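Secondary and tertiary structure notes
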Amino acid sequence: MRADTSDVAFRLLLTLGDLWEWLHQSQIDVGGRGLHLTKEYLGGYTRYSVGPASHPRLVFEWNEASRHLRVLRAEDWPGLDAAVSGTVAHVRTEARVRGLIEIVDGAFVRACQEPAPCRRTVVAPALTPARRSV
């Protein structure tokens, strides 16, 4: 996965982040598939910290209004695509059981559509030469 809005898996991750709190309120255990995400609101930006447990391997800030993505940390995480895919499948299954599938699927369909242009900034220590593929 590449931390860029041109990557569909990354856009699905952003959508999971947007839905995260609502999914918890709907009694859907989002973190049960190996993907742990925390959100922090910073004025116009939302900081997402994503990892397999308490150690975030991907940290980025997203401003929806200005469509600006700042990548703060991007460590190797070989199972990230699988974790996102498994979490999306789990969320869809649980949403179907609870009668919320139309809301969830609508968000995921929008994530898979061609993205609007955005500006991307990588903070210098975020990526080392060996870790540019996240």
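Residues numbered from 1 in each chain as written. Predicted model: local features only at pLDDT ≥ 70, side-chain atom pairs only at ≥ 80, totals over all residues. Heavy atoms only, no water.

On to the nonpolar core, then. By size, the foremost hydrophobic cluster in this structure holds 36 residues, and its most contacted members are Phe10, Leu13, Leu35, Leu58, Phe60 and Val84. Elements with a contribution of two residues or more to this core: helix 1 (8-25), strand 2 (45-51), strand 3 (58-63), strand 4 (68-74), helix 2 (80-97) and helix 3 (101-112). Take this core: its biggest share by element is nine residues, from helix 1. With sequence-adjacent residues up to four places away left out, Phe10 is seen in contact with Met1, Arg2, Ala3, Asp4, Thr5, Leu58, Phe60 and Leu69. (Core = buried A, V, L, I, M, F, W, Y, C linked by side-chain atoms within 4.5 Å. Buried < 20%, exposed > 50% of the residue type's maximum accessible area, 1.4 Å probe, protein only. Helix = DSSP H or I, 4+ residues; strand = E, 2+ residues; numbered from the N terminus. Contact = heavy atoms within 4.5 Å.)

Attention shifts here to the packing of aromatic side chains. With the rule as written, the count across this model stands at two aromatic pairs. Ring centres of Tyr48 and Phe60 lie 5.0 Å apart, and the angle between their planes is 20°; on these two criteria the pair is classed as stacked. Taken as a pair, Tyr48 in strand 2 and Phe60 in strand 3 lie far apart in primary sequence, 12 residues in all. One Lys or Arg, Arg70, reaches over the ring of Tyr45 and ends 3.8 Å from the middle of that ring. (Phe/Tyr/Trp six-rings, centres within 6.5 Å; stacked < 30°, edge-to-face > 60°. Lys NZ or Arg CZ within 6 Å of the ring centre and 35° of its normal.)

On to the environment of Asn63. Here Asn63 shows up in strand 3. By relative accessible area, Asn63 is classed as buried at 10%. Spatially, the C-alpha atom of Asn63 lies 5.9 Å from that of Gly44, the residues being 19 residues apart in sequence. Ignoring anything within four residues of it in the chain, the contact list for Asn63 reads Gly44, Tyr45 and His68. Within the local environment of Asn63, its side chain forms a polar contact with the backbone nitrogen of Ser66, the two atoms lying 2.8 Å apart. (Polar contact = N/O pair within 3.5 Å; in protein donor to acceptor, adjacent residues only side chain to side chain.)

Here we take up the layout of surface pockets. If you add up the space inside the largest pocket, you get close to 320 Å³. If you trace the largest pocket, you find 16 residues lining it, with Thr15, Asp18, Glu64, Arg110 and Ala111 closest to the centre. When contributions to the lining of the largest pocket are tallied by element, the ones reaching two or more residues are helix 1 and helix 3. For the lining of the largest pocket, the per-class residue count stands at seven nonpolar, three polar and six charged. (1 Å grid on protein atoms, 1.4 Å probe; cavity = no way out; pocket = protein on both sides within 12 Å on 5 of 7 lines; lining within 4 Å. Points joined across faces, edges and corners; volume = space filled by probe spheres on them. Nonpolar A, V, L, I, M, F, W, Y, C, P; charged D, E, K, R; others polar.)

The sheet built from five strands is open, its strands ordered 1-2-3-4-5 with mixed pairing. A single partner strand is all that each edge strand has here, and the edge strands are strand 1 (36-42) and strand 5 (119-122). Each adjacent strand pair in this sheet contributes to an overall mean axis angle of 20°, direction not counted. Bridging between strand 1 and strand 2 involves seven bridges; their strand directions are antiparallel. Following the sheet pairing, Leu42 is matched in strand 2 by Tyr45. Sheet strands in contact with helix 1 are strand 1, strand 2, strand 3 and strand 4, and its direction is about 75° off that of strand 1. (Pairing = 2+ DSSP bridges. Axes fitted to C-alpha atoms, helices over the stretch in contact; angles between N-to-C directions.)

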